[in-house]
Amino acid sequence: ETGVTQSPTHLIKTRGQQVTLRCSSQSGHNTVSWYQQALGQGPQFIFQYYREEENGRGNFPPRFSGLQFPNYSSELNVNALELDDSALYLCASSLAGRETTGELFFGEGSRLTVL
Amino acid sequence: DAKTTQPNSMESNEEEPVHLPCNHSTISGTDYIHWYRQLPSQGPEYVIHGLTSNVNNRMASLAIAEDRKSSTLILHRATLRDAAVYYCILRPKGGSQGNLIFGKGTKLSVKP
């Protein structure tokens, strides 16, 4: 079974630009969630997608948006980049319905630097 | 809010047991206790979870206090590969599948 893969692994943008990060879920998983991890902090939940619809969101502004595709892969889009958006962005997949486990499988992340 | 309290850092010697504590005094009756760890330059990795009874798996053991206001993750024989940040997380039963509230965790260092 393939794990969660993210691309790109590293990227550098400037303030005001837009960025798209991509994630391929673990095989068979139908739920994907995105996290932002600033240096020295724990990951912060951005949002979650299930069956191509957002069904949960953390405290992030609307310029953070996402998509989930029929093959359960996903994108995270961030518009009007700010310096504070510099962070590691993590994607996690899971299989909805496995309530007693609730295990999330994380990718290795995309490191975004905003200059 | 993370709703859990963990020490910022701990040290262990290789091949010795490690007990990582977590306080969660405001835990509700339907909250599961989950542990994840994050090795350097990697995403978090599921370790173990439990509700009321102690749990064991191939990675670790989870000891849960009788009043459930605290728990301890036990690594029976620490290896250098266990050096990571360990996160204790409360997860409501039936809660949003992907919404985990991480705190800062405990950074575990393992000395050879």
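Refer to the structure above for everything that follows.
Residues numbered from 1 in each chain as written. Chains lettered and ligands numbered in written order. Predicted model: local features only at pLDDT ≥ 70, side-chain atom pairs only at ≥ 80, totals over all residues. Heavy atoms only, no water.

**Overview of the state of the cysteines**
In a disulfide, the sulfur atoms of two cysteines are held together by a covalent bond. For the structure shown, the criterion picks out two disulfides over all chains. The side chain of Cys23(A) participates in a disulfide bridge whose partner is Cys91(A); the two sulfur atoms lie 1.8 Å from each other. On the sign convention where negative means left-handed, the S-S torsion of about -65° between Cys23(A) and Cys91(A) marks this disulfide as left-handed. Pair noted here: Cys23(A) is in strand β3 (residues 19–24) and Cys91(A) is in strand β9 (residues 87–94), with a separation of 68 residues, a long-range link. Considered together, Cys23(A) and Cys91(A) belong to a single accessibility category, that of buried residues. Here Cys22(B) is linked by a disulfide to Cys88(B), with a sulfur-sulfur distance of 2.1 Å. One quick way to see it: the torsion about the S-S bond of Cys22(B) and Cys88(B) is about -80°, and its sign makes the bridge left-handed. Linking Cys22(B) in strand β2 (residues 18–23) with Cys88(B) in strand β8 (residues 84–92), this pair joins segments that are 66 residues apart in sequence. (Disulfide = S-S within 2.5 Å. Helix = DSSP H or I, 4+ residues; strand = E, 2+ residues; numbered from the N terminus. Buried < 20%, exposed > 50% of the residue type's maximum accessible area, 1.4 Å probe, protein only.)

**Side note on the environment of Cys91(A)**
All names here are of chain A. Assessed through its relative accessible area of 0%, Cys91 is described here as buried. When the C-alpha positions of Cys91 and Leu76 are compared, they lie 9.0 Å apart, and in sequence the two are 15 residues distant. In contact with Cys91, other than residues within four places in its own chain, are Val4, Gln6, Cys23, Val32, Ser33, Trp34, Phe105, Phe106 and Gly107. (Contact = heavy atoms within 4.5 Å.)

**Notes on the nonpolar core**
Core analysis: the largest hydrophobic core is formed by 21 residues, its most contacted members being Leu20(B), Ile33(B), Trp35(B), Leu73(B), Leu75(B), Tyr86(B) and Leu108(B). Secondary-structure elements contributing two or more residues to this core are β2, β3 (31–38), β4 (45–50), β6 (61–64), β7 (70–75), β8 and β9 (106–111) of chain B. If you look at the next biggest cluster of nonpolar residues, it comprises 20 residues, including Leu11(A), Tyr49(A), Leu81(A) and Val114(A). (Core = buried A, V, L, I, M, F, W, Y, C linked by side-chain atoms within 4.5 Å.)

**A closer look at the interface of chain A and chain B**
Chain A puts 27 residues into the contact, and the matching count from chain B is 21 residues. Of the roughly 1,800 Å² buried at the junction of chain A and chain B (both faces included), carbon and sulfur atoms supply 49%. The interface formed by chain A and chain B includes zero salt bridges. If you look at where chain A meets chain B, you find four residue pairs in polar contact (both at pLDDT 80 or more). Listing elements by their share of the side of chain A that touches chain B, those giving two or more residues are β4 (31–37), β5 (44–50) and β9 of chain A. (Buried area = accessible area lost by both parts, 1.4 Å probe. Salt bridge = Lys/Arg side-chain N within 4 Å of Asp/Glu carboxyl O. Polar contact = N/O pair within 3.5 Å; in protein donor to acceptor, adjacent residues only side chain to side chain.)

**As for the environment of Asp84(A)**
Structurally, Asp84(A) is set in the loop between β8 (74–78) and β9. Here the alpha-carbon distance between Asp84(A) and Arg15(A), two residues 69 residues apart in the chain, equals 9.7 Å.

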